[in-house]
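Structural description and commentary
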Amino acid sequence: MEDTAVTFPLRIQEVSYQYEEEAQNAVDHVSMEIAKGSFVAVLGHNGSGKSTLAKLMNALFLPTEGKVLVCGMDTATEEEVWNVRRHAGMVFQNPDNQIVANMVREDVAFGLENLGVPQVDMPSRIEEALRCVQMTDFAQSAPHMLSGGQKQRVAIAGVLAMQPDVMIMDESTAMLDPSGRKEVLNSVRKLNREQQMTVVWITHFMEEAAVADRVIVLDKGKTAMDGTPQEVFARVDEIKALGLDVPPMAELSVKLRNAGLELPEGILNVSDMVKELKKVLCPSK
Amino acid sequence: MPIKVEHLTHTYMPGSPFASVALNDVSLTIEDGELIGLLGHTGSGKTTLVQHLNGLLKPTQGQIWVDDLEITQKGVSLIEVRRKVGLVFQYPEYQLFEETVAKDIAFGPKNIGLSTEEINQRVREAIQQVGLHYDDVAERSPFELSGGQMRRVAIAGVLAMRPKVLILDEPTAGLDPAGRRSILGMIRQLHEAGGMTVIMVSHNMDDISTLATRLVVMSKGRLVLTGTPREVFMQQELLQSIGLGIPQAAELAHALIAEGFDLPADLYTQEEVMQAILALAKKEAKPC
């Protein structure tokens, strides 16, 4: 029992969630185990149940059926709620709705104060969290002077300072411009690689899902696909039928294969495509 | 000639220690029926520029004409300007406020004193233009609708003013792929069937490359490049130097050329690039 709680910090067991006055389950008998240190992207069109699932992951919602276990703790156990949220931190969509203080470092301190972390431990935790998201130089800045990407990184630092086991990013890049999106994705991917932080990354951007270890596609509250990005994005027609897109190079590689070029499956970006095309077009090289 | 911008400069908080030049000597003419893609990194001045075009901001220097009206002149009625140029903000659905969809769309036309009959006519037409059905949505609360539908209602509110020029600031931000495709289809429809002049601010190169007849690229308050998507996307280095990308298909074509493959330098759609690669595969003369 102890072991599964460590190797799978997030376990979702036959979970359903029904909103009041809705006839259908928003999340419908979903099961998944998220492995420690993995970076899992969750895709799905609006209304597919992605955000509801995210809110079930840290006890903002409680399942109407089934169980969510965060590091072995049942989110439905009332006494564990704060513990659950400390272990599974969430970053939301709108950076402006998540910042509470007038100075970056105070904002990061806010969560720690709520957790009752001793004053003496706070400075080092705050520093470390800001360093992880490359915002050390802005510790004394006013949040409203920051760009959207910087604000989101402050929000991430606020969650990080609480030293969670799992980070849930609920469309946290949706309101950012391309460079802000890249900043946030790179910061979180780095944390994931270097510190084995488990990440659940909910997004509409296929190119973000393409860098994940695992992609889960939701449709009508159920798991419609689950696999590596290479496996999932090879199924172009299915993905499109679910109201989603595939990364442009994945789509092009399928078209080229259908036209007779012997490209392997699993091409997701331009550099892979160039590498494989060189092999096909210049076999001698 | 619906829009002519001449030597437009805008300084925020002039004379204070926080003074910053958001637009620096921008000149631009937009012809009737163009669909302009306005590109630029955050802070490049795109939004400041479009806010001048419907009179929300006044220039520090320079002039703007819409048709033959110099909107930057003192004493020009803003109502007159907004009848010509409709601006849809980012996340426009946050500005919905009325009890019903019909009332929300009627707000602008009512404000300019149109007759009830005229207002009703315009509301019906605007709802249809954004691809919704009057009987389905008119009497519903806008807040019961999905995010994509709410955005359409907000756009309908601007269309009900019957502007000649429609400006949309990041119209697909935050939508899922299906919502994005359908908003883009609606914009194409307004432009092609409705004959509207459209200016669309976007970060998404793949979206803009399929839609725009001309691109205008801004950086640090200046207009740095304008041309057809084909012309603009050939300038990969310049675009990258100002923090912008190009469509992935164009990126692939450029990378293959750099590897010594013989491809035309101006490809940018997926279809063209695919055809060029297939042609290469058939050819004997390869760089290897």
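Note that the structure is a prediction, hence the values are computed from the model and not measured.

1. Structural notes on the overall build of chain A
The helix and strand tally for chain A stands at 12 helices and 10 strands. A compact globule built from 285 residues should have a C-alpha radius of gyration of about 19 Å, and chain A, at 20 Å, falls within 12% of that. Along the first, second and third principal axes, the C-alpha atoms of chain A reach 65 × 45 × 35 Å. Classification of the 285 residues of chain A by burial places 55% in the buried group. Total accessible area computed for chain A in this model is approximately 12,700 Å², and 48% of it derives from carbon and sulfur atoms. Of the charged side chains in chain A, 28 are positive and 41 negative; the average position of the first set lies 7 Å away from that of the second.

2. With respect to the sheet that holds strand β3 (residues 39-43) of chain A
Residues and elements named next belong to chain A. Reading across the sheet, the six strands line up as β6-β7-β8-β3-β9-β10 and stay open at both edges, with mixed pairing between neighbours. The open sheet has two free edges, formed respectively by β6 (88-91) and β10 (222-227), since each of these has just one partner strand. Sheet twist, expressed as the average angle between the axes of neighbouring strands with direction ignored, equals 20°. Strand direction decides the pairing type here: strand β7 (residues 166-170) and strand β8 (residues 198-202), joined by five bridges, are parallel.

3. Brief notes about the domain arrangement of chain B
Residue and element names in this part refer to chain B. Looking at chain B, the domain boundaries give domain 1 (3-246) and domain 2 (247-288). Computed over C-alpha atoms, the centres of domain 1 and domain 2 are 35 Å apart. Listed as interface residues are nine residues of domain 1 and, on the opposing side, 10 residues of domain 2. Counting the surface domain 1 buries against domain 2, the share from its top three residues, R230, M234 and I246, is 59%. Summed over the shared surface of domain 1 and domain 2, the number is one salt bridge. Salt-bridge contacts for E272 lead to R230; the nearest nitrogen and oxygen are separated by 2.5 Å. Taken together, domain 1 and domain 2 are joined by four residue pairs in polar contact (both at pLDDT 80 or more). Of all the secondary-structure elements, those providing two or more residues to the side of domain 1 that touches domain 2 are α8 (205-211) and α9 (229-233). Here the side of domain 1 that touches domain 2 is built from residues that sort into five nonpolar, two polar and two charged.

4. Comments concerning unusual backbone geometry
Positive phi values are uncommon outside glycine, yet Q163 of chain A reaches one of about 50°. Considering the arrangement of structural elements, one finds Q163 of chain A in the loop between α6 (148-160) and β7. Among the residues examined, Q163 of chain A registers a relative accessible area of 48% and is labelled partly exposed. Phi is positive for Y91 of chain B, close to 45°, though the residue is something other than glycine. Take Y91 of chain B: it is sitting in the loop between β6 (85-88) and α3 (101-111). Residue Y91 of chain B is classed as buried on the basis of its relative accessible area of 8%.

Conventions used here
Residue indices begin from 1 for each chain and proceed along its sequence in written order. All chains are assigned letters beginning at A, and all ligands numbers beginning at 1, according to the order in which they are written. Only residues with pLDDT of at least 70 get local features here, since the model is predicted, and only at 80 or more are side-chain atom pairs given and counted; chain-wide, interface and lining totals rely on the full set of residues. Hydrogens are left out, water is left out, and the side-chain values use all remaining heavy atoms of the structure. Put simply, DSSP H or I for four residues or longer makes a helix, DSSP E for two residues or longer makes a strand, and each gets a number counted from the N terminus. We take the radius of gyration over the C-alpha atoms and set the globule estimate at 2.2 Å times the residue count to the 0.38 power. Accessible area is worked out with a 1.4 Å probe on protein chains only. A residue is then buried under 20% of its type maximum, exposed over 50%, and partly exposed in between. Residue exposure ignores everything except the shown protein chains as possible cover, and the areas themselves are Shrake-Rupley values with a 1.4 Å probe. When charges are counted, Lys and Arg contribute as positive and Asp and Glu as negative, whereas His and the chain ends are disregarded. Charge placement uses NZ in Lys and CZ in Arg. For Asp and Glu, CG and CD serve respectively. Following DSSP output, two strands are said to pair if at least two bridges run between them. An axis is simply a line fitted to the C-alpha atoms; with a helix, the fit covers only the stretch in contact. Between two such axes, the angle follows the N-to-C directions and lies from 0 to 180 degrees. Each domain's extent was defined by an automatic or database domain assignment. Only heavy atoms enter the contact rule, under which two residues are in contact if any of them lie within 4.5 Å. Put simply, buried area is how much 1.4 Å-probe accessible surface two parts lose in total, over both of them, once they are put together. Should a side-chain nitrogen of Lys or Arg be within 4 Å of a carboxyl oxygen of Asp or Glu, the pair is scored as a salt bridge. Between N or O atoms, a polar contact is any pair within 3.5 Å; within protein, one atom must be a potential hydrogen donor and the other a potential acceptor, and residues adjacent in sequence are included only when both atoms are from side chains. Note on residue categories: nonpolar means Ala, Val, Leu, Ile, Met, Phe, Trp, Tyr, Cys or Pro, charged means Asp, Glu, Lys or Arg, and polar means any other residue, Gly included.

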